[in-house]
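Below, each chain spelled out in residue letters.
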Amino acid sequence: MEKVFCKYHPSTPARWQCQPCRVDFCTSCASPDKASEAPACPLCGQATTSLGAGNLIRPFWQRIPRFFLFPAHPVPLLFMLALTVLSTLLASGSLMGLLFMLAISVVFYKYAFVILEDTAQGYLKPRPITGSVITDELELPFKQLLLIIVLGVLNYQVLVNFGGGPFVLMALFSVVIFPAAIMVLAVEHSFFKAVNPLMLLVTIKRIGPSYFIMCFFLVLLLSGGAIASDLLLNVLPQSLWFASSNFISMYFILIMYNMMGYVIYQYHEQLGHSVTEEYLETETLSSKTAPGDPRFRHIDILLQEGKTDEAEQRLIQAIEENPGEFDAREKLHRFYIATKNRDGLLRHSADYVARLLHSNKPSEAMRVYLEASHIAPKIKPGGARERHELAELLKSNGQSRAALSLLNNLHKEFPAYEGIPGAYLLVARIMFEYFGEEHKALQVLDFLKKKFPGHPLQQDVEEYRQVIERMAGASQPSA
Ligand SMILES: [Zn+2]
Ligand SMILES: [Zn+2]
């Protein structure tokens with residue numbers, strides 16, 4: 001009966017439980033791939049067990065004021081007012097009058113059953129009343145009447161045959177079992193199921209102690225309605241009293257049927273009753289859960305539990321299964337940055353940078369590279385082409401030192417790379433323009449001249465050499 005909350009979202013009711021781990025999860029921490037299956041535990045991977053959707057539903061005793069407000073909604077309120085007016089106009093001692101009264105109460109009880117059924121389905125607000133809402137299955141109120149007659153006859157027989165003591169017991173038993181009978185009748189629409197004691201006892205057993213709490217409230221409501229009518233008897237003239245007492249008893253009956261429906265809704269899993277509107281009232285609750293990609297909630301949980309190795313393995317696995325999965329790569333990168341894991345950065349973040357370059361995300365690639373290179377200065381993403389491309393990007397964004405370290409020894413590591421002249425021209429520029437190393441810059445240019453004669457870039461190489469010589473000459477004091 002006690003509500004269970006998510007370990008990671010303490011204000012959100014839990015939906016699933018892992019018994020081996022002894023952890024409860026809300027629907028954002030563990031959600032099934034298929035609606036029919038329990039999700040795997042984010043921690044150990046075993047199937048979780050359901051805590052019952054009822055755990056997400058606010059227990060009925062926590063929303064008593066809502067039940068009182070329900071009949072005050074315009075739809076039921078106008079309906080009850082109309083019936084009140086009709087019954088006042090048509091009431092008379094004649095047979096016709098009595099038949100009218102019967103018809104009115106049949107219509108009213110049919111509506112009460114509609115409310116019970118709708119609420120049991122999770123529709124917590126009254127729906128508009130149409131003709132068919134009232135006229136379909138109009139036999140329900142008669143079945144209820146029959147139920148009352150059967151119980152009355154039974155009680156009478158006990159009184160006649162066994163005397164006062166057993167009769168009191170039987171009467172008490174009837175009071176306790178009657179709401180269950182109404183609920184079974186509303187759900188099953190079968191009179192025989194509603195009078196089947198076994199069916200009723202199973203219903204009560206499945207709802208558990210809450211059933212008796214409900215009975216307590218129903219008795220309170222029943223007597224509340226009666227007391228209210230009694231009080232009005234002293235205040236109002238006879239003609240008005242009849243109408244208002246009618247109205248009050250209808251009002252209290254709707255509260256009761258609404259409450260019984262809600263109890264079915266709250267315990268629908270235990271009762272094996274399927275609902276259409278699961279988690280209707282929980283939207284406000286679950287909206288408090290942390291934002292973030294729900295696909296990686298289990299990673300956050302593993303990290304929160306200190307199971308970092310497993311979180312890392314799951315992310316690597318997710319990346320292997322779907323190499324274009326940038327969210328998993330970003331998460332793994334963040335994890336390595338946070339744990340200053342140099343090897344991890346060299347292995348995975350380097351690959352991530354190359355992927356970002358291939359996907360035409362240059363600024364992302366630069367960010368990831370710069371973050372990683374703070375911790376792992378030796379990080380070299382991808383092959384020669386990626387390094388060259390990244391170096392160009394870094395240089396044009398003022399990260400010349402980083403660009404230089406990317407191109408270091410490129411010709412030794414990738415002798416076959418056809419872009420070496422372009423890359424090394426970049427190196428010469430950085431050396432001269434950012435570090436003032438004209439000798440080293442000239443050495444690089446000499447190397448290019450010797451190594452790549454006839455290359456289309458040779459003209460640029462020669463022009464840049466002249467630029468260096470002119471500028472270096474100008475800056476030196478003439479001897
Ligand atoms: Zn949660
Ligand atoms: Zn587990």
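In this text, all values refer to a predicted model and were calculated from it rather than measured experimentally.

About the criteria used
Residues numbered from 1 in each chain as written. Chains lettered and ligands numbered in written order. Predicted model: local features only at pLDDT ≥ 70, side-chain atom pairs only at ≥ 80, totals over all residues. Heavy atoms only, no water. Helix = DSSP H or I, 4+ residues; strand = E, 2+ residues; numbered from the N terminus. Rg over C-alpha atoms; globule rule 2.2 N^0.38 Å. Buried < 20%, exposed > 50% of the residue type's maximum accessible area, 1.4 Å probe, protein only. Contact = heavy atoms within 4.5 Å. Areas by Shrake-Rupley, 256 points an atom, 1.4 Å probe, with all protein chains shown as cover. Lys, Arg positive; Asp, Glu negative; His and termini not counted. Charge placed at Lys NZ, Arg CZ, Asp CG, Glu CD. Pairing = 2+ DSSP bridges. Donors = N, O, S within 2.8 Å, 3.2 Å for Na, K, Ca; no water. Tetrahedral: all angles 85-135°; square planar, octahedral: opposite > 155°, others 65-115°. Phe/Tyr/Trp six-rings, centres within 6.5 Å; stacked < 30°, edge-to-face > 60°. Lys NZ or Arg CZ within 6 Å of the ring centre and 35° of its normal. Domains from an automatic or database assignment.

1. Focus: the overall build of the protein
Helix and strand counts for the protein stand at 23 helices and three strands. The C-alpha radius of gyration computed for the protein amounts to 39 Å, which surpasses the reference 23 Å derived for 479 residues by more than 25%, pointing to a less compact arrangement than a globule. The burial tally for the protein puts 44% of its 479 residues in the buried class. For the protein, restricting intrachain contacts to residue pairs at least 6 apart in sequence, the fraction spanning at least 24 positions comes to 64%. Here the protein has roughly 25100 Å² of accessible surface; of this, 61% comes from carbon and sulfur atoms. Side chains of the protein give 43 positive and 44 negative charges; the mean places of these two sets differ by 4 Å.

2. Some remarks on the sheet that holds strand S1 (residues 16–18)
The strands that make up a sheet pair up through hydrogen bonds in the backbone, lying either parallel or antiparallel. Read from one edge of the open sheet, three strands run S2-S1-S3, paired in antiparallel fashion. In this open sheet, the two strands that pair with only one neighbour each are strand S2 (23–25) and strand S3 (49–50). In this structure, S1 lies alongside S3, joined through two bridges in antiparallel fashion. Bridge assignment links glutamine 17 to a residue of S3, and that residue is threonine 49.

3. Brief notes about the coordination of the zinc ion (ligand 2)
Ligation of the zinc ion (ligand 2) by protein atoms is provided by Cys18 (SG), Cys21 (SG), Cys41 (SG) and Cys44 (SG), these donors lying 2.2 to 2.4 Å from the ion. In this structure, the zinc ion (ligand 2) is coordinated by four donor atoms arranged in tetrahedral fashion, with angles at the metal of 105 to 114°. In the primary structure, the donors to the zinc ion (ligand 2) are separated according to the pattern C-x2-C-x19-C-x2-C. With cysteine 18 in strand S1 and cysteine 44 in the loop between S2 and S3, the pair connects residues that are 26 residues apart, well separated along the chain. The buried category is assigned to cysteine 18, whose relative accessible area is 0%.

4. Regarding the packing of aromatic side chains
All chains considered together, the criterion is met by 18 aromatic pairs. Consider the rings of phenylalanine 60 and tryptophan 61, whose centres lie 5.1 Å apart with planes at 75°: the pair is edge-to-face. Residue class for phenylalanine 60 comes out buried when judged on its relative accessible area of 0%. On the basis of relative accessibility, which here comes to 26%, the residue tryptophan 61 falls in the partly exposed class. Centre to centre, the rings of phenylalanine 68 and phenylalanine 252 are 6.4 Å apart; their planes meet at 90°, and the pair counts as edge-to-face. With phenylalanine 68 in helix H1 (residues 64–69) and phenylalanine 252 in helix H10 (residues 238–266), the pair connects residues that are 184 residues apart, well separated along the chain. Phenylalanine 252 sits in the buried class, given a relative accessible area of 17%. Feature note: the residues Phe60, Trp61, Phe216 and Phe217 constitute an aromatic cluster, connected by ring pairs. Above the ring of tyrosine 464, the side-chain terminus of arginine 429 is found at 5.3 Å from the ring centroid.

5. Remarks on the coordination of the zinc ion (ligand 1)
For the zinc ion (ligand 1), the full set of protein donor atoms is Cys6 (SG), His9 (ND1), Cys26 (SG) and Cys29 (SG), and the range of their distances to it is 1.9 to 2.3 Å. We note that the donor set of the zinc ion (ligand 1) lies within a single chain, spaced as C-x2-H-x16-C-x2-C. Accessibility classification places cysteine 26 together with cysteine 29 in one group, the buried group.

6. Considering the domain arrangement of the protein
Where the parts come together, the accessible area they lose is often given as the size of the interface. Considered domain by domain, the protein is made up of domain 1 (1–51), domain 2 (60–271), domain 3 (296–382) and domain 4 (400–479). Computed from C-alpha atoms alone, the centre-to-centre distance between domain 1 and domain 2 is 37 Å.

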